[in-house]
Each structure stands twice: as structure tokens, then as C-alpha cells.
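Structural overview for review
Chain by chain, the residues:
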Amino acid sequence: MKSEILKLVANGFYKDAIFIYAKYHSASIRPHLFIFPSLLKACAKLRSFTQLQTVHAQVVKLGFHSSVYAATGLVDAYMKLRHVDSALQVFDETPERNLAVMNAVVSGFSQCGFGMEAFEVFRDILSGGMLRPNSVCVASVVVGCQSVEVGRVLHCLAVKLGVADDAYVASSLVTMYLNCSDVASGTKFFAGVLDKNVVTYNAFMSGLLQNEVESAVLNVFKDMMGSAVEEPTVVTLASVLSACAALRALSFGKQVHVMMVKTRLVADTMAGTALVDMYSKCGVWQCAYEFFKEMKESRNLFTWNSMISGLILNEQSDEAIQLFQGMRSAGPKPDAATWNSLISGFSQIGKSSEAFHYFKLMQSAGFELSLRCLTSVLKVCSDIFAIRQGKEIHGYLVRTCWNKGDELVVTALIDMYMKCGCSSMAQKVFDQLGECPEDPAVWNAMIFGYGKNGEDELALEIFNQMLETKTQPTLTTFTGVLSACGHTGRVDKGRQVFSMIRDEYGLNPTVENYGAMIDLLGRSGFLEEAYKLVDEMPQPPPASVFASLLGACRSHLNSELGEEIAHKLREIDPENSSPFVILSNIYAAQGRWKDAERIRESMDDMRVRKLPGYSLIEAA
């Protein structure tokens, strides 16, 4: 019985192993102690808590519960099924503990997200002095570490114990640094690992991807392929394809596709889904759709969701709806993510009615509405000024005990109320946060919202509150504040805010920041100062900046600067007649009729034509 069960579990036939055990048990054949760890592993792999409890009962009945060997299997199985309390109960009742059972507790805590608890058990091992942590123990506690300070202590300890060069410890250290967003330390440590394997490379690439350093992922992959490590795994290719999708690196992605075909990993579901996502995000949805159809039986729910999302992303809404309907009849049953993909996708491409339609269908289908889904629908309400539906969603959030501290939802609510002209409601939502929000996006929504509603003084007041709470403004924040200064004529305040960007926050102003400042100066009549600022811009200014300045020249009847700007606008957009029409009007307003006529004649010489105006009478 022992060898038979061990062999079945080793080969992945978990149900068969359980069946054989039950058969021998019904025949009253006493099992050997050493089959139970394999049986417990089978229960964990099958995700069967009921079966695990049955095997646990047999362990107790046979008197094996005091065995550290059986206890290790039980702790490991309970932890894998996330029944932490049951695992700890077994651990507490184990009379003699060895390193294996301690490792099971440490790795279990880490896998379940209890990094601090894993660290406490690890510290107990060290302070006990009876056991010396091995590489498995160190790797387990490191990978669950959520503090870079604690992580560095563990790194030093790994060096002291002589296990820092172990491939799995090294991979865990790389993961720890990148999970803590310390990309510099993670990169430095990775570079110093002498004996890198595919697991180490995978950990580094996954971490870079998590920190949005996608271009580095491609370079690391090239380095891996040029070294003598093992062949890339499915995890490797999925990470590289995700980086290609983010960078829109279609050519590189196609090369990875060829590699997948050569190594026969193209049939793997995870890799195939990543390939569908890459082609979709690179804008070649036809390739994504063709490969999706080729996958056939290897497609899973994630693959279907990715394809539907990709079709909507590429504005192929009819095909997405058709695929969704086919999924409901012949494919896997749609889950909340499927519905969310449809709703958020339609919201992003501006198809508000379709987003609302599927939102209602999702409700009637009995799915729980996720915050992601609700924020997508709130965006739709913002776009079409649907205040009634927006209030209904707000009411639903209140009824379902929504966490009012969720700043993503708060931002969506503020944006919706502001765009619908209900700034007082937006202020109430903002005030309900209690403590001042840490996310600058919430402040930005208030500043821009007040600006759009013509309440610029309140926008500036919110900005002052933001500074008082020590929340760091973003470059987008400054654009909104400078715009508010422009509408209120607060030139000195605008100059102060513009200088803050570099002097106090060490940021480089964007084109939008420059544009808002130039507009402010132009509106207030400081045309020369505004024009000088154009020359300071880090990149060629867009036509909108010159158009704003030309509008200011018309307001202040500055024909000399206006003519210079009009010619610059002609260089950017030769077909646009508006600059010369405005310049002609400036001359006319000054009574300089000859100059006005000269501009009109130069328009004829340059073959620039003013579009004729027309009137439209619409029947009631």
C-alpha cells in the first residue's frame, strides 16, 4: 500500500491515491505512518478540506498525532488550504518539533500573507538555539517580508548562515526587495548572484514588472537567453509578454511567440493567455483572435476574459458582445471579472449606453458589484452627466457598508458630482473621509472640479489645505491650480505656484504646466513675459499654447506680437486660417484697415481660406 500510494501522489494522481487508501482502510489493513504525508499532500492539492479532516481523524485514531512527521504534513496541508488556526492547533499539540515542522509553519504563514507572524516563528527558532535554520526556512521567511528594513536584517542573517548564495534564498531576496519597491537594492543584489537559475531570473523579471520597469524586463530576458541557465519556463514567457504588452513591443512579442512554438509551450494556457493579451494591447486584435481560436481546449476563463477585454480595447465591441454571448452558451460561465471587463471597457471607449446596459444585466444576473465595476459606472455617469444614476450608485455604496476611506471610490464619486455640477455634494463626500486623504488624486479631483464649476477661489482653498496636510502635489495638481489662478486673475499667486514646481518639489514642469502659466500671464496682459516663457519650454510648444497667447493678443490688442505668433501657428498648421483671421480683427479693432487688408491679401497669397460661416435653423 505504501509504495502504491506514494507513487500515485508523486505522479499527480491524487484522487486515485485517496481511493486506494479508502479501499485498504475498509479492508481493515493498518496503514504505515509514512503514507500520511503523501495523503495529506493529495488533500491539499485537491483543495478538499473535508477529505483533509477525514485523514487527520485517521492519524489521531491510529496514534500517529504525536509524530512530528505526521504533524509536518498536517501543518503544511492546513496552511495550503488557508486554515491557519487548524495548522497552529496541530503545531501547538506537537510534543517534539524539528526543523521540518518549523519550516512548514514559517512557509505557511508567508504563503497566507502573515509575514510578521512568520518572522516571529523564525525568531523563536534562532533564540531557541537548538535548531539552525536552513535555506528553506530562510527563503520562506524572506519571501513573506513586507518591510525592507526587516528584509535587510534577514539578508545579513542569510549571509551569516551561509545560505545567501542558495538559488531559492537568492530568489526570495530578489522578490523581497522588489515587493518592497526597492528596485535599486533588488537590482544590485541580483547582479551579484553568481549562480543564477531560471527561478532567480523569473523572480527578478516578475518584480521589475510589478514595479513598472518593463523595458528592463526585456533586457534581463535577453541576458538570460545569452547565459547558460535552463530554458525559459511558462512563468518567464508570461512575464516577458506582459512587458511587451505594456511597451507595445509587438516585434519582440512576435519573437517570443516563435520561441513558444519551438519549445512547445504555446499549448500552455497561462502562456497562451499572455500571448492573447500582448497582441490585443499592441493593437493587432486579429492576431489575438486567431490565436485565441487556435487554443481551443486549452482556453480557460482568464483566456476568454482577456480576449473580450482586448476586443473592447480595440473598439471591436460587436465582436466582444458576440464572444460574450458565445461564452454564455458554450464557453466557461462568465464571472464578475467578465462583466467588469465589458462595463469598464465600454466606459473607457465612451460607449456609455452599452456600459449601463451590461451593468443592469450584471445586477439581474445576481453578481456582486465590485468596487472596480462601480467606479467604471461612476465614470460613465460623469461623462454623460447622469446625476440620478450616480446618486443611486452612491446610495448602493452606503447601503453595502462601503469603506468611506477607499480613496479610489471617493475620487470617482467626487469626479461624478463635480462634472454633474453638484460641487456641494462632492465636498460632502470629501469631508466624509475624516482624515485628510494621502492620495493626491482625491485633491486633484476637488481642485479640477471646482475649476470646471467656476468656483476657482474654492479650488485655491483646497490647494492650500493640501499643502497644510503635507500631501505632495503632482504635476497635474499644479496645472489645475494655475488654471484657477488664470480664471481669478491671481498673477502673483500663479508665479509663486509655478516656481514651487522646481524650487520646493524638484519637479520639471510639463507642457500642461507651461500652457496654464502662459494662459494666466496672457489673460492678465503680461504678454511679453508669457512669450518669454514659451522659449523656456523643454520641447516645442503645441499649437494650443500659441493659440492661447494669440487669443490674449486679441484681448489686449497687441498686433505686433500677434503677427509673430500667427506666423508660428502657420508653421505648425498651414491649413488653419484662424490665426490670420484673428490678426486681421486685431488690426481692424485698432482702426488699421490697411494692415487688416494686407493680412487678408497675404492669406490669398498663401492660399489659406477662411471657412464660411453658416446658420442652422432646426425645427422644434
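Residues numbered from 1 in each chain as written. Predicted model: local features only at pLDDT ≥ 70, side-chain atom pairs only at ≥ 80, totals over all residues. Heavy atoms only, no water.

1. What about helix H5 (residues 68-80)?
Basically, it comes down to this: Each helix is a run of DSSP H or I of at least 4 residues and each strand a run of E of at least 2, with the numbering of both proceeding from the N terminus. For a helix, the expected span equals 1.5 Å multiplied by the number of residues minus one. For the exposure calls, accessible area comes from a 1.4 Å probe over protein chains only, and a residue counts as buried if that area is under 20% of its type's maximum, exposed if over 50%, partly exposed in between.
Spanning 13 residues, H5 covers 18 Å between terminal C-alpha atoms, matching the ideal 18 Å at 1.5 Å per step. Of all the positions in H5, only Ala70, Ala71, Thr72, Gly73, Leu74, Val75, Ala77, Tyr78 and Met79 are classed as buried. At the C-terminal side of H5, Arg82 shows a positive phi close to 65°.

2. Some thoughts on the environment of Ser352
Test applied: The contact criterion used throughout is that any non-hydrogen atoms of two residues lie within 4.5 Å.
Residue placement: Ser352 occurs in helix H22 (residues 352-364). Overall, Ser352 belongs to the buried group, its relative accessible area being 11%. In the structure, Ser352 is positioned 29 residues away from Cys381 in sequence and 8.1 Å away in space, judged by C-alpha atoms. Residues within four places of Ser352 in sequence aside, it is in contact with Val380 and Ile384.

3. A closer look at the UniProt feature "repeat: PPR" (unreviewed entry) in the protein
Keep this limit in mind: UniProt positions are given in the numbering used here, feature names are shortened, and annotations may be inferred rather than shown by experiment.
Under the UniProt annotation, the feature "repeat: PPR" (unreviewed entry) is placed at residues 300-334, 335-369 and 439-473. Within residues 300-334, the helical portion is 74% and the strand portion 0%, while the C-alpha atoms at the span's ends are 11 Å from each other. Secondary structure content for residues 439-473 is 74% helix and 0% strand, while the C-alpha to C-alpha distance between its ends is 9 Å.

4. A word on the packing of helix H15 (residues 234-247) against helix H16 (residues 250-263)
Where we set the bar: What counts as an axis is a line fitted to C-alpha atoms, over the stretch in contact for a helix, and the angles between N-to-C directions run from 0 to 180 degrees. Working rule for angles: under 35 degrees goes down as roughly parallel, over 145 as roughly antiparallel, 65 to 115 as roughly perpendicular, anything else as oblique. By convention the crossing between two helices is left-handed if the near helix lies anticlockwise of the far one by an angle smaller than a right angle, and right-handed if it lies clockwise. Only Asp, Glu, Lys and Arg are considered charged in this grouping, and only Ala, Val, Leu, Ile, Met, Phe, Trp, Tyr, Cys and Pro are considered nonpolar; every other residue, Gly among them, is considered polar.
As a packed pair, H15 and H16 sit with axes 9 Å apart at the nearest point and diverge in direction by 160°. The angle between H15 and H16 places the two elements in the roughly antiparallel class. By crossing handedness, the relation of H15 to H16 is classed as left-handed. Two secondary-structure elements touch here, H15 through Leu237, Val240, Leu241 and Cys244 and H16 through Phe252, Gly253, Val256, Met259 and Met260. In the contact of H15 with H16, the residues fall into eight nonpolar, one polar and no charged.

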